[in-house]
Amino acid sequence: MADAFFTCRKNVLLAKSTSTQIDGVFAATRRRSVPEEQEALLQQWLEEGAGNLPASESVPAVGKVSVTLTSDWLEGSELLMTSLSDLNSAPEVTQCAGQQLTELHALASSEPQDHAVTELAKLPAEEMVAVADSAPWAAVVPQTDHQIAGCATIDVDVQNEDPAVLAWSLARHAESVPMEPPAWPVQDTVQFCHLPTELPYHEILWRDWEDLSVQPCVLEQVSKNTPVFEFRVMSYNILAQDLVEQGLDLYLHCHPDILNWNYRLPNLLQEIQHWDPDVLCLQEVQENHYWEQLEPMFKEMGFACFYKRRTGTKTDGCAVCYKHSRFQLISFSPIEYFRPGLDILNRDNVGLVLLLQPLLPEDVDLKVVSPLCVANTHVLFNPRRGDIKLAQMALLLAEIDKIAKTTEGSYYPVILCGDLNSVPDSPLYKLIRNGELYYHGMPAWKVSGQEDFSQQLYSRKLQAPLWPSSLGVTDNCQYVTLCQPKKLGRRKYSRDFLLQFHFCDVACERPPQLVLLEGVTDAKPESFRLEKTLRSWSPTVNHCTAKSTTKLCPLCRSSGVIQHGLNLTSVYSHFLPQRGRPEVTTMPMGLGATVDYIFYSAEPVENGNRGGRRLYRDGALKLLGRLSLLSEDVLLLANGLPNPFCSSDHLCLLASFGLEISSL
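Residues numbered from 1 in each chain as written. Predicted model: local features only at pLDDT ≥ 70, side-chain atom pairs only at ≥ 80, totals over all residues. Heavy atoms only, no water.

Along the protein chain, the regular secondary structure elements total 17 helices and 20 strands. Expressed as a percentage of its 664 residues, the buried residues of the protein chain come to 46%. A separation threshold of at least 6 residues defines the contact pool for the protein chain, and within that pool the share at least 24 residues apart is 75%. Total accessible area on the protein chain stands at roughly 34600 Å², and carbon and sulfur atoms take up 53% of it. (Helix = DSSP H or I, 4+ residues; strand = E, 2+ residues; numbered from the N terminus. Buried < 20%, exposed > 50% of the residue type's maximum accessible area, 1.4 Å probe, protein only. Contact = heavy atoms within 4.5 Å. Areas by Shrake-Rupley, 256 points an atom, 1.4 Å probe, with all protein chains shown as cover.)

Moving on, we come to the pattern of salt bridges. Under the defined criterion, the tally for this structure stands at 16 salt bridges. Of the charged contacts, one joins arginine 326 and aspartate 278 as a salt bridge, the two residues approaching to 3.3 Å between their closest N and O atoms. Highlighted residues: arginine 326 in the loop between β5 (316–323) and β6 (327–336) and aspartate 278 in the loop between α9 (261–275) and β3 (279–286), separated in sequence by 48 residues. In this structure, glutamate 295 engages lysine 299 in a salt bridge whose closest nitrogen and oxygen atoms are separated by 3.7 Å. Remark: lysine 299 and glutamate 295 occur in helix α10 (residues 287–300); sequence separation between them is four residues, near one turn of the helix. Within this structure, Arg579, Arg581 and Asp633 form a network of salt bridges that share partners. (Salt bridge = Lys/Arg side-chain N within 4 Å of Asp/Glu carboxyl O.)

The next point concerns the sheet that holds β6. Ordered in space as β6-β7-β9-β10-β16-β13, the six strands form an open sheet in which the pairing is mixed. Looking at strand neighbours, the two that pair on one side only are β6 and β13 (568–570), the edges of this open sheet. Strand-to-strand twist in this sheet, taken as the mean axis angle between neighbours without regard to direction, amounts to 20°. The pairing of strand β9 (residues 372–378) with strand β10 (residues 414–419) spans six bridges and is parallel. (Pairing = 2+ DSSP bridges. Axes fitted to C-alpha atoms, helices over the stretch in contact; angles between N-to-C directions.)

Moving on, we get to unusual backbone geometry. Cis geometry marks the peptide bond from alanine 464 to proline 465; its omega dihedral reads -5°. With an omega of -10°, the peptide bond between leucine 641 and proline 642 qualifies as cis. Here proline 642 shows up in the loop between α17 (632–637) and β20 (653–663). For asparagine 567, which is not glycine, the phi torsion reads 55° and is therefore positive.

On to the nonpolar core, then. Counting 69 residues, the largest nonpolar core has Phe231, Phe298, Ile415 and Phe657 as its most contacted members. Counting 46 residues, the second-largest nonpolar core is a separate cluster that includes Cys373, Val379, Leu431 and Leu462. (Core = buried A, V, L, I, M, F, W, Y, C linked by side-chain atoms within 4.5 Å.)

Quick look at the layout of surface pockets now. For the largest pocket, the calculated volume is near 960 Å³. Along the wall of the largest pocket there are 36 residues; nearest its centre are Leu250, Glu284, Phe381, Asn421 and Pro588. When its residues are assigned to classes, the lining of the largest pocket shows 16 nonpolar, 11 polar and nine charged. (1 Å grid on protein atoms, 1.4 Å probe; cavity = no way out; pocket = protein on both sides within 12 Å on 5 of 7 lines; lining within 4 Å. Points joined across faces, edges and corners; volume = space filled by probe spheres on them. Nonpolar A, V, L, I, M, F, W, Y, C, P; charged D, E, K, R; others polar.)

With that out of the way, let us pick up the packing of helix α11 (residues 386–404) against helix α12 (residues 427–434). Contact pair α11 / α12: the axes reach a minimum separation of 10 Å and the direction vectors enclose 20°. The orientation of α11 relative to α12 falls into the category roughly parallel. In this structure, α11 crosses over α12, and the sense of that crossing is right-handed. Of α12, the residues touching α11 (which contributes Lys389, Leu390 and Met393) are Leu428, Leu431 and Ile432. Counted by class, the contact of α11 with α12 contains five nonpolar, no polar and one charged residues. (Parallel < 35°, antiparallel > 145°, perpendicular 65-115°, else oblique. Left-handed = near helix turned anticlockwise from the far one by under 90°.)

Our next topic: the pairing of strand β7 (residues 350–358). With eight of nine residues buried, β7 lies mostly within the body of the structure. Relative to β7, β6 is paired through nine bridges, and the arrangement is antiparallel. By the bridge assignment, isoleucine 335 is partnered in β7 with glycine 351. Here β7 runs beside β9; their pairing, made up of six bridges, is antiparallel. Counted as the bridge partner of leucine 355 is cysteine 373 from β9.

Let us now look at the packing of aromatic side chains. One pass over the full model with this rule turns up 14 aromatic pairs. For the pair phenylalanine 229 and phenylalanine 231, a centre-to-centre distance of 5.9 Å together with 35° between the ring planes defines the contact as tilted. Judged by relative accessible area, which is 4%, phenylalanine 229 ranks as buried. With relative accessibility at 1%, the residue phenylalanine 231 sits in the buried group. Through pairs of rings, three or more aromatic residues link up here, namely Phe229, Phe231, Phe327, Tyr600 and Phe657. In this structure, arginine 232 is placed above the aromatic ring of tryptophan 209, and the distance from its NZ or CZ to the ring centre is 4.5 Å. (Phe/Tyr/Trp six-rings, centres within 6.5 Å; stacked < 30°, edge-to-face > 60°. Lys NZ or Arg CZ within 6 Å of the ring centre and 35° of its normal.)

Here the focus is the environment of arginine 347. Take arginine 347: it is sitting in the loop between β6 and β7. On the basis of relative accessibility, which here comes to 24%, the residue arginine 347 falls in the partly exposed class. Distance from arginine 347 to valine 379, taken between C-alpha atoms, is 9.6 Å for residues 32 residues apart in sequence. When near neighbours in sequence (up to four residues on either side) are disregarded, arginine 347 contacts Tyr337, Phe338, Leu380, Asn382, Arg385, Ile388 and Gln392.

The next thing to look at is the packing of α9 against α10. Here α9 crosses α10 at 30°, and the two axes come no closer than 12 Å. On the basis of their axis angle, the class for α9 and α10 is roughly parallel. Our pair here, α9 against α10, has a crossing hand that is right-handed. On α10, the residues that touch Trp261, Leu265, Leu269 and Ile272 of α9 are His289, Gln293, Leu294, Met297 and Phe298. Class assignment for the residues of the contact of α9 with α10 results in seven nonpolar, two polar and no charged.

Another aspect to go through is α12. Among the eight residues of α12, seven are classified as buried, and the element is accordingly described as predominantly covered. Every buried residue of α12 is accounted for by Pro427, Leu428, Tyr429, Leu431, Ile432, Arg433 and Asn434. Within two residues after α12, glycine 435 carries a phi angle of roughly 80°, on the positive side.

The end-to-end C-alpha distance of α9 is 21 Å, a good match for the 21 Å that 15 residues give at a rise of 1.5 Å each. Listing the buried residues of α9 in full gives Trp261, Arg264, Leu265, Asn267, Leu268, Leu269, Glu271, Ile272 and Trp275. Looking at the buried residues of α9, the elements they touch are β2 (228–237), α8 (241–246), β3, α10, β19 (621–627) and β20. Two or three places before asparagine 262, at the start of α9, stands the capping residue asparagine 260, its side-chain oxygen 2.7 Å from that residue's backbone nitrogen. (Expected span 1.5 Å × (residues − 1). Polar contact = N/O pair within 3.5 Å; in protein donor to acceptor, adjacent residues only side chain to side chain.)

Caution applies to low-pLDDT parts of the model: their predicted coordinates are not meant to be read in detail. In the predicted model, the protein chain carries a mean pLDDT of 73, and the fraction of residues at 70 or more is 58%. Within the model, the stretch residues 50–97 combines pLDDT values under 50 with 135 contacts to residues more than four positions away or in other chains. Confidence drops under pLDDT 50 across residues 110–197; counting only partners more than four residues distant or on other chains, this segment forms 167 contacts. (pLDDT = per-residue confidence, 0-100.)

This is the structure:
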């Protein structure tokens, strides 16, 4: 019978024996050509550990049955197998004769299990040495007190909670082994089998590719033979190393080695290279790592890269990379959300907006494909400052509006990626997806939905207007200079020139038919009365007066509503129907949440509104597939994030798109 062994956790456990047993085996094997290294290792084990074993741990054997080789936890399976093979071929190491075996079975069958084991324990130690020139032997070294050595069948009840067991069976002369193995004499014993090993991380964290090209709307386009330009987009927060070292308390569940950048970098690069995206949007990219390692490696992979570090003293930022063989850059616009003097924009987050031209194959003639706008950002984390999050998002949407707008007033297809630090169906999420948000009076913590601070006595509430008019951004998330084009032929007058007519006699003459209203249509209205009247129309709004800048109409920003017209929807549904659990993109402190997104342009369905959610269908930009996300319970099996397989505290997002190709 061939040698066999089973190991658990890369260790080998042999039942412990007395030094007498080891001396017998060592003497038996010493006369053969055993490698010096193996002999020295066995001798060292004998000197250091075997002599110190307590008597209670010695393993009695059945009268002249076998020689039991034992040891503590070892880590050299190759050495062990070599030694066992040598023992197998040694003439001195033999099994009991047929008469001894018959006596053994008679003893075991006539007594209960416990009595049989007691009788075995009474055998003298000197009978442990085998008789030379006997029949070949088969031995098992179990962990428990129930030990029986047989000739052919070996069953062991392994009761140790976490053992690493070595079992082997040696038989050199088949003619000496009975054709019909004797019945097992001990009751309630189970057959030895493999112990379950830990599942590999890549099996626990297996993510399926979901093919969405079979959807009816996509099939309809295919039936029309509409060609599409296919490409993949990845969004990934790769966890800056400086942030790891500044917040080690967040990663107490991780072994320190897997938090090392030299360990994480190859994992991250391998993951990116495996999924092979055409557009790559990264967050938390440390500046020195980007310039020294990431950008050179990305260029070798065929990417053109753009990077924007966070303002202030922050050392990380955002990056957008695209395959230069598939896209050509039209414009690049970095965004800094920090604006000096504005409390609503006093944080150092940044964003990037690129306009890319897809490159069609040379064999495609008289075809054209629309440019693609790609945006990437990392919004403020602070759960209490939803007002800042909204202002940052308004700036990003205004920049996208400027870059993606066509000369006809429509928009090129848009893909918005990033870590928005907001959960699905939060007010910030609804602003992006539904294109509208009424924020006036809303608690600031509620904007992102990250945490519930409703029990606090004081909470910041949002007031309209959310940002001052000096920012130059309207509540439609557009730059003022773009939404108010200059009229041709209109005369230009300076503010001082117009103010000199403010209280002139001609301006203050009241037509006879005009109803007299104090402070409104009286002969000489005073400025404070005018301001009082404006406030009475909208008491909660601080309107512009004649003494302030007049970039915006005083009443145009009194509604407390933010809007945009980009028509964006999410790649992911944020729920796993097959598991009945929500999707998770990150696991801070062991709690799963979705904060990373890929939004893309779609066409709203007419009169389509379900539970406050606007319904969309694919337009020129079609969603063809996506990499599935995981649930919280699955990530907990892998010890959360990061882990040895995923080297970031976020999961990557990946989607495949098709952009319609039209004729010239």
